[in-house]
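If you want the building blocks of each chain, they are given just below.
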Amino acid sequence: MPPIWVTPPTVEMSSGTPSTLTRKYRCVLAGARDYGKSIHEESCKAEGGKWVSFESYLEVLEKEDTEEKCKAVAAKNEVNDVVWKPLRSDSDESKCIVKASRPYCGRAATTRNNHLGNAQSNPLYSTRFNLRLPHFPSGDTKRCVLRVRYNITTGDYDPKNTFADSNGDQSPVKNDPTVNILGEDKLELTLAINTAQFGRTFQDRSHIFKVVPRTEAMAGKFLHNLNVRGQRGNIVQNYPSVEYDFVPD
């Protein structure tokens, strides 16, 4: 099974690389907001720009305007690293920066082929990914975008040796190809194949939600996020999906 990928546009909550913990580099030109096209330091210098690193962060605590205040927040935070440093390498102005937590990468649950139901485990449970919501020490309401990409892989061609130059006429697979199944007798048959159904990004969906501060009535309580899965009808009508059920069940 492929790994789980849950990738919002700005902060990766789950992926294969810890890119949210590293700096990003850009080619900065002389203008206030003028960036070059270069993606390497050498070509940036040739373009007349300056190769600048930018801190990757979850939020900036503007109210914590001294290193002492920032360290006090860091001492209380058990989820994120909170650091006092400049946002970019060409600046001497430090800020209280909240770093994102390390992304999670793991195997998806194993299920039967083409079955949108329970995982093959003991005990059975509905397939899911438990996403830990980002923690914002500022306590401010945050508008978040969750992007979910569902990738599938198939064995119709060699994935380790097939690259961009295998497109078009060089593609190892064709739509509705005609094949000769008897060799010299030339009995030709057309296979009903749609290459758009081969390995690809099967679904790419985005969801917008807000993370809001707890009310006084919620203080110290455990909150449950109860969802519904499946569709209306009995198990025969719904296959390969399932009947209505709650998640977690």
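Residues numbered from 1 in each chain as written. Predicted model: local features only at pLDDT ≥ 70, side-chain atom pairs only at ≥ 80, totals over all residues. Heavy atoms only, no water.

Spatially, β3-β5-β4 is the arrangement adopted by the three strands of the open sheet, whose pairing is antiparallel. For this open sheet the edge positions go to β3 (59-60) and β4 (82-86), each flanked by a neighbour on one side alone. Here β4 runs beside strand β5 (residues 94-98); their pairing, made up of five bridges, is antiparallel. Bridging across to β5, Lys85 finds its partner in Lys95. (Pairing = 2+ DSSP bridges. Helix = DSSP H or I, 4+ residues; strand = E, 2+ residues; numbered from the N terminus.)

What follows deals with the packing of aromatic side chains. The full count for this structure, using the stated rule, is two aromatic pairs. Consider the rings of Tyr104 and Phe129, whose centres lie 5.8 Å apart with planes at 35°: the pair is tilted. In this pair, Tyr104 is assigned in the loop between β5 and β6 (142-152) and Phe129 in the loop between β5 and β6, connecting sequence segments 25 residues apart. Overall, Tyr104 belongs to the partly exposed group, its relative accessible area being 42%. (Phe/Tyr/Trp six-rings, centres within 6.5 Å; stacked < 30°, edge-to-face > 60°. Buried < 20%, exposed > 50% of the residue type's maximum accessible area, 1.4 Å probe, protein only.)

Bringing the confidence of the model for the protein into the picture now. The share of residues in the protein with pLDDT of 70 or more is 90%, and the mean pLDDT across the chain is 83. Below pLDDT 50 for its whole length, residues 1-9 participates in 35 contacts with residues either more than four positions away or in separate chains. Overall, residues 15-19 carries pLDDT values under 50, and its contacts beyond four positions in sequence, including any with other chains, amount to 13 contacts. (pLDDT = per-residue confidence, 0-100. Contact = heavy atoms within 4.5 Å.)

With that settled, consider the nonpolar core. One finds Leu58, Leu61, Cys70, Val73, Val82, Cys96, Val98, Phe136, Cys144 and Val211 forming the largest nonpolar core, which totals ten residues. Elements represented by at least two residues in this core include exactly α2 (67-76) and β5. (Core = buried A, V, L, I, M, F, W, Y, C linked by side-chain atoms within 4.5 Å.)

As enumerated under the stated definition, the model contains two disulfides in all. What pairs with Cys27 in a disulfide is Cys44, and their sulfur atoms sit 2.2 Å apart. What sets the handedness of the Cys27 and Cys44 disulfide is the S-S torsion sign, and at about 85° it is right-handed. A residue pair is termed long-range when its members are at least 10 positions apart, and Cys27 in strand β1 (residues 24-28) and Cys44 in helix α1 (residues 41-46) qualify at 17 residues. In this structure, Cys27 and Cys44 share a single accessibility class: buried. Each disulfide pairs two cysteine sulfurs, and for Cys70 the partner residue is Cys96, the sulfurs being separated by 2.2 Å. Its torsion about the S-S bond being 85°, the disulfide of Cys70 and Cys96 is classed as right-handed. Of this pair, Cys70 sits in helix α2 while Cys96 sits in strand β5, and the two are 26 residues apart along the sequence. (Disulfide = S-S within 2.5 Å.)

Right, let's get into unusual backbone geometry. The step from Val247 to Pro248 runs through a cis peptide bond, and the omega angle for that step is 0°. Structurally, Pro248 is set in the segment after β11 (245-247). Backbone geometry places Asp176, a non-glycine residue, at a positive phi of 45°. Of note, Asp176 is situated in the loop between β6 and β7 (178-180).

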